[in-house]
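# Report on the structure
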Amino acid sequence: MISARQPALAQIARAPNDTDELTATSTTKVERIEVRARPIDAFDLRDKSRRQFGSLRFRSGLVLSSGFRGFGGLSALRLDPKGERFVALSDHGSWFTGRIIYSGSDMTGLADVEAAPLLGADGVALNTRGWHDSESLAFDGGTAYVGLERVNQIVRFDFGRDGFQARGQPIVVPQALRHLPNNKGIEALVFVPKGQPLAGTLIALSERGLDADRNIMGFLIGGKTPGVFSVRRTQNFDISDAALLPGGELLILERKFSWLEGVHIRIRRIALNSIVPGALIDGPVIFDADMGMEIDNLEGLDVFTTADGETVLTMISDDNFSMLQRTMLLQFTLAPE
């Protein structure tokens, strides 16, 4: 699954630097930007010596900031097999690419960061037609699939070949997906590679598109068994992203917010072979965090395996372009079963 994404991440298009900042306009220019990083030394604010959180062990974290106006709103993240190069999406309809810098196993910063708008089939930025709420990202080799939430579309890009110049083509999606609620549509995309259950299938999960039983709707697109399934919704959590483990399990990142308790984050682990049309899937919570910990609006999740065989989860937060929120990059090691 991870190696299948390498061509796209290794062939990111380059362009000369330009001085104009990228905003939610019709510009198609590529911007090279500087991103500052402040380390997070402890994840638990109440007990800074604590490292274990459910099945996850805190590895390192960064708070990211930039003078670039378009930086922020990061809602999806995909990494190369080494956990270094990345492709991310801003929900204002922009690509971000770059490289994570490490000192040993600790993240220390970002380098080679570039940004550019997602382009439509006509070569014009998608956000000029209101197709800007890009919330989810999956790779099948060099092909990138991007979920656009408010218009309930999934757009395919030949990113491995064309990089930032790739032009998006909407794919055919189920009618039920097209009728998801406004701003509660597709929030997570995962492409299942060869050798896994559901190989060749694009899994699409809504944020809070509910079925008749008030569970969250999911879709199997393509593959041998396309159809609709549901994810059991509990404790008012909504879905914000998903990723595959090498062993054939789906990790679902979830969050909830209340004015009384703030943000809560959790991750559920679900067997991939349990996901079939008509199924109601569920799985154990392997991680949960509250406002007593270094969290924000975590919306992106990906997985890579180190040379030593450790499974590392990387999460990124969407700051909603608000001065009251932060762009955070967090990494945890998954304990072996």
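Looking now at the overall build of the protein. Each helix and strand in the protein was counted, giving 3 helices and 24 strands. For a compact globule of 337 residues, the expected C-alpha radius of gyration is about 20 Å, and the protein comes in at 18 Å, within 12% of that figure. Principal-axis analysis of the C-alpha atoms gives the protein an extent of 50 × 50 × 40 Å. Sorting the 337 residues of the protein into buried and exposed places 58% on the buried side. Considering only intrachain contacts with a sequence separation of at least 6, the fraction spanning at least 24 residues in the protein is 56%. Carbon together with sulfur atoms contributes 48% to the accessible area of the protein, which is approximately 13600 Å² in total. Put simply, the protein has 36 plus and 42 minus side-chain charges, and the middle of one group is 2 Å from the middle of the other.

Once that is clear, we can look at empty space enclosed by the protein. Under the counting rule described, the total for this entry stands at 2 cavities of 30 Å³ or more. Estimates place the volume of the second largest cavity at around 80 Å³. Grouping the constituent residues of the lining of the second largest cavity by class yields 12 nonpolar, no polar and no charged.

As a further point, take the confidence of the model for the protein. Taken as a whole, the protein shows an average pLDDT of 90; of its residues, 92% reach a score of 70 or greater. The low-confidence segment residues 1-27, where pLDDT is below 50, has 85 contacts with residues more than four positions distant or belonging to other chains.

Let us now look at the sheet that holds strand β10 (residues 143-148). The 4 strands are arranged β9-β10-β11-β12 in an open sheet whose pairing can be described as antiparallel. Since the sheet does not close on itself, it has two edges, and those belong to β9 (134-140) and β12 (169-170), each with one partner. In the sheet, β9 pairs with β10 via 6 bridges, with the strands oriented antiparallel. Residue pairing for β10: S134 is matched across the bridge by L148.

Phi angles above zero are rare outside glycine, and R214 is one such case at about 70°. Considering the arrangement of structural elements, one finds R214 in the loop between β14 (201-210) and β15 (216-222). Overall, the relative accessible area of 58% leaves R214 in the exposed class. We note that F321 has phi near 55°; this positive angle belongs to a residue other than glycine. Within the fold, F321 resides in the loop between β23 (311-317) and β24 (327-334). Overall, F321 belongs to the partly exposed group, its relative accessible area being 31%.

The rules behind each value
Residues numbered from 1 in each chain as written. Predicted model: local features only at pLDDT ≥ 70, side-chain atom pairs only at ≥ 80, totals over all residues. Heavy atoms only, no water. Helix = DSSP H or I, 4+ residues; strand = E, 2+ residues; numbered from the N terminus. Rg over C-alpha atoms; globule rule 2.2 N^0.38 Å. Buried < 20%, exposed > 50% of the residue type's maximum accessible area, 1.4 Å probe, protein only. Contact = heavy atoms within 4.5 Å. Areas by Shrake-Rupley, 256 points an atom, 1.4 Å probe, with all protein chains shown as cover. Lys, Arg positive; Asp, Glu negative; His and termini not counted. Charge placed at Lys NZ, Arg CZ, Asp CG, Glu CD. 1 Å grid on protein atoms, 1.4 Å probe; cavity = no way out; pocket = protein on both sides within 12 Å on 5 of 7 lines; lining within 4 Å. Points joined across faces, edges and corners; volume = space filled by probe spheres on them. Nonpolar A, V, L, I, M, F, W, Y, C, P; charged D, E, K, R; others polar. pLDDT = per-residue confidence, 0-100. Pairing = 2+ DSSP bridges.

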